[in-house]
Amino acid sequence: MFQIQDTILTEEIATSKFACDIPRCKGACCVVGDAGAPVVKGEIPILHKAYRLLKDELRPEAIEVAEREGVVIGSEKAGYEISCVNEAECIFVKYGDNGESYCAIQQAFFEGRVNWEKPLSCHLFPVRLKRFADFDYANFEYVPSLCSSGCEKGEAEGVYLAEFLEKPLVRRYGQDWYDEFLAACQHIREQEDHS
C-alpha cells in the first residue's frame, strides 16, 4: 500500500494495466453484481434530477423499480446505492445495437444535455473507494468476469490503470493530488522492475 495525502491505495492501482474494452465486456459493470453503484449523499439530488430528465428514455422495468423503490436506496449509516432491476442492472442502463450496456446519464453528458458525467464510483470503476475515519481507502476491485478484457486491452496497449483513471481521479482529488499520485506510481513501477 502507499499513501497520497489522505488517501491510502493498494499497489495494484499503480502496477496494473487496464483500459475498458466495451465491445468485449459489453459494459458488464453496469449490469452485473449484487448491488447498485455506490453513491454519496451529495450525488442523490443530481441523480433525482437526471432521472426526471431521462425517465422517458429508460426501460419500462427500470422506471417501475425507480417509482416503487426510489432512484437511490439505502441510508447514511449503511450507505447509498442506485436502484437496480433484478438486483443487477442499474436503472440508468440503456442498450446499444450490439447488446452493449451504457449509461444514460453519461450519454446525456456527451450530448451536452447535463453537466455531470455519472456517479464518481462508476467513473472510477474498477477502483472502489471506502471512507475510514479521515482517510479514503482505494482498492482495485478485480472481478474476472468484468475486468479481464480491460486488463488484456491495457496490457496490449501499455495503458496503466492509474493513467486510464486520470479524469475521475482528478475529478475526486484535484490535479496536484493526481500529479503526486502519478509520480508515486512511477516510482513503485521502477522498484518492481528492479526487484
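Here, the structure is the one placed above.
All of the points below concern the structure found in this document. Bear in mind that the values here come from a model prediction, so they are computed numbers and not experimental data.

### Examining the overall build of the protein
Within the protein, the secondary structure is distributed over 10 helices and 11 strands. Taking 195 residues into account, the globule formula puts the C-alpha radius of gyration at 16 Å, and the protein, at 17 Å, falls close to it. The principal-axis extent of the C-alpha atoms belonging to the protein is close to 55 × 40 × 30 Å. Within the protein, buried positions represent 44% of all 195 residues. In the protein, of all internal contacts separated by at least 6 residues, the share reaching a separation of at least 24 is 63%. Charged side chains of the protein number 21 positive and 34 negative; the gap between the two group centres comes to 6 Å.

### Describing the environment of Glu166
You can see Glu166 is positioned in helix H9 (residues 166–173). Here Glu166 falls in the partly exposed class, since its relative accessible area comes to 35%. Along the primary structure Glu166 and Val72 are separated by 94 residues, whereas in three dimensions their C-alpha atoms are 27 Å apart. Excluding residues that lie within four positions of it along the chain, Glu166 makes contacts with Gln175 and Tyr178.

### What about the environment of Pro119?
For Pro119, the location among the structural elements is in the loop between helix H5 (104–110) and helix H6 (120–124). Once residues within four sequence positions are removed from consideration, Pro119 is found in contact with Val39, Glu43, Leu47, Ile82 and Arg171.

### Thoughts on the packing of aromatic side chains
The final tally for this structure, using the stated rule, is 9 aromatic pairs. Ring centres 5.7 Å apart and planes at 50 degrees place the aromatic pair Tyr178 and Phe181 in the tilted group. Of this pair, Tyr178 and Phe181 both sit in helix H10 (residues 175–194), 3 residues apart, roughly one helical turn. Accessibility assignment for this pair places Tyr178 and Phe181 in one class, buried. By the ring-pair criterion, three or more aromatic residues cluster together here, those being Phe2, Tyr173, Trp177, Tyr178 and Phe181. If you follow Arg189 out to its NZ or CZ, it ends over the ring of Tyr160, 3.6 Å from the centre.

### Structural notes on the pattern of salt bridges
According to the stated counting rule, one finds 17 salt bridges in the structure shown. Arg24 is paired through a salt bridge with Asp21; the nearest N and O atoms lie 3.7 Å apart. Here Arg24 ties to Glu152 by a salt bridge, and the two come within 2.7 Å at their closest N and O atoms. Taken together, the residues Arg24 in helix H2 (residues 22–25) and Glu152 in helix H7 (residues 144–157) connect sequence positions 128 residues apart. When its relative accessible area of 44% is taken as the criterion, Glu152 is described as partly exposed. Salt bridges linked by common partners bring Glu57, Lys94, Glu111 and Arg113 together as one network.

### A closer look at the state of the cysteines
Going through the model one piece at a time under the given rule, you end up with 0 disulfides. Cys25 takes part in no disulfide bond, and the closest cysteine sulfur, belonging to Cys29, lies 6.2 Å away. Overall, the relative accessible area of 19% leaves Cys25 in the buried class. Between Cys151, a free cysteine, and Cys147, which holds the nearest cysteine sulfur, the sulfur-to-sulfur gap is 6.0 Å. Note on Cys151: relative accessible area 19%, which makes it buried.

### Topic: the nonpolar core
Formed by 28 residues in total, the largest nonpolar core has its most connected members in Phe2, Leu9, Ile13, Leu169, Trp177 and Phe181. When contributions to this core are tallied by element, the ones reaching two or more residues are strand E1 (2–4), helix H1 (12–15), H6, strand E11 (135–140), H7, helix H8 (161–164), H9 and H10. A total of 7 residues in this core trace back to one element, the largest contributor, which is H10. Leave out the neighbours within four places in its chain, and Leu9 touches Met1, Phe2, Ile4, Ala138, Trp177 and Phe181. Grouped together as the second largest cluster of nonpolar side chains are 26 residues, Tyr51, Val65, Ile82 and Ala104 included.

Cut-offs applied
Residues numbered from 1 in each chain as written. Predicted model: local features only at pLDDT ≥ 70, side-chain atom pairs only at ≥ 80, totals over all residues. Heavy atoms only, no water. Helix = DSSP H or I, 4+ residues; strand = E, 2+ residues; numbered from the N terminus. Rg over C-alpha atoms; globule rule 2.2 N^0.38 Å. Buried < 20%, exposed > 50% of the residue type's maximum accessible area, 1.4 Å probe, protein only. Contact = heavy atoms within 4.5 Å. Lys, Arg positive; Asp, Glu negative; His and termini not counted. Charge placed at Lys NZ, Arg CZ, Asp CG, Glu CD. Phe/Tyr/Trp six-rings, centres within 6.5 Å; stacked < 30°, edge-to-face > 60°. Lys NZ or Arg CZ within 6 Å of the ring centre and 35° of its normal. Salt bridge = Lys/Arg side-chain N within 4 Å of Asp/Glu carboxyl O. Disulfide = S-S within 2.5 Å. Core = buried A, V, L, I, M, F, W, Y, C linked by side-chain atoms within 4.5 Å.

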